[in-house]
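If you want the building blocks of each chain, they are given just below.
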Amino acid sequence: MSTDPNCIFCRIIAGQIPSRKVFEDDELLVFHDIAPWAPVHVLVIPKLHIATLYELTAEHAPMLGRMLALAPKLMRELGVVNGFRTLINTGEDGRQEVQHVHMHVMGGPRPWAKG
Ligand code: AMP
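Nothing here was measured: the structure is a model prediction, and the numbers come from that model.

Chemist: When you look at the layout of surface pockets in this model, what are you seeing that I'm missing?
Modeler: Regions of empty space are outlined by a rolling probe, equal in size to a water molecule, passed over the atoms. In this structure, the largest pocket occupies an estimated 580 Å³ of space. Taken together, 23 residues line the largest pocket, and the ones lying closest to its centre are Asp33, Ile34, Leu43, Glu97 and Val98. Of the residues forming the lining of the largest pocket, the biggest block, three residues, is contributed by helix α1 (residues 8-13). Along the lines of polarity and charge, the residues of the lining of the largest pocket split into eleven nonpolar, seven polar and five charged.

In structure tokens, the structure reads:
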């Protein structure tokens, strides 16, 4: 599996940087964002190092589907039953800070810090 030793999310996957894990399997990891915008703010990431959505191919489609399908399941488990936002930032103009594909999933009662 492709990993990048300089990538902060690859280092979280490897257990070299601590995270508050919500879900993990062979393909995906979900953990709480360190600077949450909302009462519940998790990041859903593939374990495969893919820098941005630009690098995706048709082969990744099932994995992306799994990422999306996890969002409502985990939000329910985390007590978020009144709606949530999903967001994937891509590239510089998309304000992507971490170069490893990740989907923000944010929910919980408003007001939120951002978003
Ligand atoms: P983006 O701007 O879409 O690239 O978002 C990157 C997100 O990663 C931000 O919301 C950060 O707060 C979050 N983040 C960065 N480092 C960590 C970390 N060590 N643990 C959890 N979340 C992190």
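Right, picking up where we left off after that structure.
Chemist: How should helix α2 (residues 61-77) be read in this particular structure?
Modeler: Because an α-helix completes one turn every 3.6 residues, residues spaced three or four positions apart along the sequence face the same direction. In a regular helix each residue adds 1.5 Å, so 17 residues correspond to 24 Å; α2 covers 25 Å between its end C-alpha atoms and thus fits that length. The sharpest bend along α2 measures roughly 25 degrees and falls at Ala71, with the proline Pro72 sitting one to four residues further on. Buried within α2 are the following residues: Met63, Met67, Leu70, Ala71, Leu74 and Met75. Packing partners of the buried residues in α2 comprise β1 (21-24), β2 (28-32), β3 (40-46), β4 (84-87) and β5 (103-107).

Chemist: Before we go on, may I ask you to explain the site of the ligand in this structure?
Modeler: Lining the immediate environment of the ligand, one finds 16 residues, of which Asp33, Asn89, Glu97, His102 and His104 sit closest. One of the backbone N or O atoms of Glu97 is found 2.6 Å from an oxygen atom in the ligand. With respect to the ligand, the side chain of His102 contributes an N or O atom lying 2.8 Å from an oxygen atom. In isolation the ligand has 510 Å² of accessible area, and contact with the protein removes 87% of it. Counting only elements with at least two residues in the shell around the ligand, the list comes to α1 and β2. With three residues, α1 is the single largest residue contributor to the shell around the ligand. Counted by class, the shell around the ligand contains eight nonpolar, five polar and three charged residues.

Chemist: When you look at the sheet that holds β3 in this model, what are you seeing that I'm missing?
Modeler: Remark on secondary structure: sheet strands pair via backbone hydrogen bonds, oriented parallel or antiparallel. With respect to topology, five strands assemble into an open sheet ordered β1-β2-β3-β5-β4, the strand pairing being antiparallel. Every interior strand has two partners, whereas the edge strands, β1 and β4, have only one. Neighbour to neighbour, the strand axes of the sheet diverge by 15 degrees on average, direction disregarded.

Chemist: Could you clarify how one ought to interpret unusual backbone geometry in this entry?
Modeler: Backbone phi values are negative for most residues with the exception of glycine, while trans is the configuration of most peptide bonds. A cis geometry characterises the amide bond from Arg110 onward to Pro111, with omega recorded as 10 degrees. With phi around 60 degrees, Arg95 is a residue other than glycine that occupies positive phi space. Within the secondary structure, Arg95 sits in the loop between β4 and β5.

Chemist: Sorry if this is basic, but what is going on with the environment of Pro111 here?
Modeler: Of note, Pro111 is situated in the segment after β5. Residue classification places Pro111 among the exposed positions, given a relative accessible area of 76%. As for Pro111 and Trp37, which are separated by 74 residues in sequence, their C-alpha atoms are 9.8 Å apart.

Chemist: Sorry if this is basic, but what is going on with the pairing of β1 here?
Modeler: Remark: a regular strand shows side chains that alternate across the two faces of the sheet. Two strands pair when backbone bridges link them, and β1 and β2 are joined in this way by three bridges, in the antiparallel orientation. Considered in β2, the bridge of Lys21 is made with Phe31. Between β1 and β2, which pair antiparallel one after the other, the connecting turn spans three residues.

The rules behind these values
- Counting restarts for each chain: residues are numbered from 1 in the order of the written sequence.
- Local features in this predicted model are restricted to residues whose pLDDT is 70 or higher, and side-chain atom pairs enter the listing and the counts only when it is 80 or higher, whereas totals over whole chains, interfaces and linings include all residues.
- With hydrogens and water stripped out, all remaining heavy atoms of the structure feed into the side-chain values.
- The rule is simple: put a 1 Å grid over the protein atoms alone, call a set of points where a 1.4 Å probe fits but cannot get out a cavity, call an open set with protein on both sides within 12 Å along at least five of seven lines a pocket, and count a residue as lining if it has an atom within 4 Å of a point.
- Grid points are joined across faces, edges and corners, and a volume is the space filled by probe spheres set on the points.
- A run of H or I in DSSP becomes a helix once it reaches four residues, and a run of E becomes a strand once it reaches two; helices and strands are each numbered from the N terminus.
- In this count, Pro and Cys sit with the nonpolar residues alongside Ala, Val, Leu, Ile, Met, Phe, Trp and Tyr, while Asp, Glu, Lys and Arg are called charged and the others, Gly among them, polar.
- The span expected for a helix works out to 1.5 Å for each residue beyond the first.
- What the bend at a residue measures is the angle between two axes, fitted to the seven residues ending there and to the seven starting there.
- Between buried and exposed lies partly exposed: a residue is buried under 20% and exposed over 50% of the maximum accessible area for its type, with that area taken using a 1.4 Å probe on protein chains only.
- Note on contacts: a residue pair qualifies if any of its non-hydrogen atoms lie within 4.5 Å across the two residues.
- The nearness test applies per residue and asks whether one of its heavy atoms lies within 4 Å of the molecule or strand.
- Polar contacts here mean pairs of N or O atoms no more than 3.5 Å apart (in protein, one a potential hydrogen donor and the other a potential acceptor; neighbouring residues in sequence count only if both atoms are side-chain atoms).
- For the accessible areas, the method is Shrake-Rupley and the probe is 1.4 Å, while residue cover comes only from the protein chains on display.
- If DSSP finds at least two bridges between two strands, the strands pair.
- Every axis in this analysis is a line fitted to C-alpha atoms, fitted for helices over the stretch in contact. Angles between the N-to-C directions lie between 0 and 180 degrees.

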